Amino acid sequence: AIIDDANTDPALRKKQICEWVFNIKAEVYTDLSKLPETQVVFATSWQTAYYANTFLSTKHKLYFVQDFEPWFYSVGSEYAFAENTYKMGFHAVTAGGWLANKLSETYGMKTSSLSFSYEKDLYIKTKKNQPDVKHIFFYARPPTTRRAFELGLLVLNEVVKQLPTVKVIFAGWDVSSYNIPFEHLNAGTLSLEELPDLYSQCDAALVLSFTNLSLLPIELMACGVPVVSNSGPWVEWLLTNENTILAEPTVEELSAALVSVLSDKKLHTKIVDAGINFANTTNWEVEHDKLYSIIKKYE
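About the cut-offs
- Along each chain, numbering runs from 1 in the same order as the chain's sequence is written.
- Under the rules for a predicted model, residues below a pLDDT of 70 receive no local features and side-chain atom pairs below 80 are neither given nor counted, while totals for whole chains, interfaces and linings still include all residues.
- The basis for the side-chain values is all heavy atoms of the structure; hydrogens and waters are excluded.
- Only DSSP runs of H or I covering at least 4 residues are called helices, and only runs of E covering at least 2 are called strands; the numbering of each starts at the N terminus.
- Restricting the calculation to C-alpha atoms gives the radius of gyration, and the globule rule supplies 2.2 Å times the number of residues raised to the power 0.38.
- Buried residues are those whose accessible area, probed at 1.4 Å on protein chains only, stays under 20% of the maximum for their type, while exposed residues exceed 50% and partly exposed ones sit between those limits.
- Residue contacts follow a heavy-atom distance rule, with two residues in contact if any of their heavy atoms lie within 4.5 Å.
- Accessible surface is estimated by sampling points in the Shrake-Rupley manner with a 1.4 Å probe; for residues, cover comes only from the protein chains shown.
- Only four residue types enter the charge count: Lys and Arg as positive, Asp and Glu as negative, with His and the chain ends excluded.
- Every charge is mapped onto a representative atom, which is NZ of Lys, CZ of Arg, CG of Asp or CD of Glu.
- We define the nonpolar core as a collection of buried residues of types Ala, Val, Leu, Ile, Met, Phe, Trp, Tyr and Cys that are connected through side-chain atoms lying within 4.5 Å of one another.

Caption draft 1: Structural view of the overall build of the chain. Of the regular secondary structure elements, the chain holds eleven helices and ten strands. Whereas a compact globule of 299 residues would reach a radius of gyration of roughly 19 Å, the chain reaches 21 Å, a difference of no more than 12%. If one aligns the C-alpha atoms of the chain with their principal axes, the spans along those axes are about 60 × 40 × 40 Å. By residue count, 45% of the 299 residues in the chain fall in the buried class. Of all intrachain contacts in the chain linking residues separated by at least 6 positions in sequence, the fraction that spans at least 24 positions is 59%. Taken as a whole, the chain presents about 15,600 Å² of accessible surface, with 53% of it coming from carbon and sulfur. Side chains of the chain carry 26 positive and 35 negative charges; the gap between the two charge centres is 4 Å.

Here is the structure:
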């Protein structure tokens, strides 16, 4: 069911889901008053949790929690609205172990966690077009404050000062309106099919996250790109000093980490190999089976 969408033809929404995400056999509802009785209902964001909480025609209520959503906001009304959903008595199925621990310890929620993987037929290392030119990839998304665009700019500016021949590639958002004081490529928003080749052209990636991780680090690893990231428990449930270079979230520490992996061939090879090996240990089928077993308990 899609909330706040009652005036849209559900057949259109189903068509869009099949085109944009994957083919589904389930029925799609845009008018919540027409939802049939269910065995299990899943909330998928804090906004939907309020609807799930008042939906009476179900036996069990679960909550797929992908991030600690109160941190998306300044302390205030929206923070409270998001946080209060963790007190509604749902069984939380979380993206990663950090969220499971936080929700269990702070709010007493029953939790189960899933881990991450990647599309193994898509994210494959390809040949570099300019093997003599070193590139840094940075996921640049200024509107998403938790991805620390400003900190990333300061870090990259320092790296370019120390390694003037390094080129920076921005992707994820059109940053052409920003005054960026070093040479860079503004790749903007790309299709999924374009990403593996772009990643493979890079010799390092700066991935910053101040809430739960995205799938980006594993996808980069699979393409043979060493990842530099900020430390923090919301990162370190997946990334370690074995498969990544973790640094304190300061300009000095993060820039030093990037410079080291770009300058030290032995370190670069070590992190590339460890990243690929780690990515290969992950498997969406395993995570699918975990989720299936959780849902089966509520039959």
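That covers the picture; the talk isn't over yet.
Caption draft 2: A look at the nonpolar core. Membership of the largest hydrophobic core comes to 48 residues, with the highest contact counts inside it found for Y63, F137, Y199 and L220. In terms of residue count, helix α7 (residues 216-222) provides more of this core than any other element does, five residues in total. Excluding residues that lie within four positions of it along the chain, F137 makes contacts with I169, A171, L198, Y199, C202, A204, A205, L206, L216 and L220. With 31 residues, the next largest nonpolar core counts V155, V228, L258 and V259 among its residues.

This is a description of form; function is not addressed.
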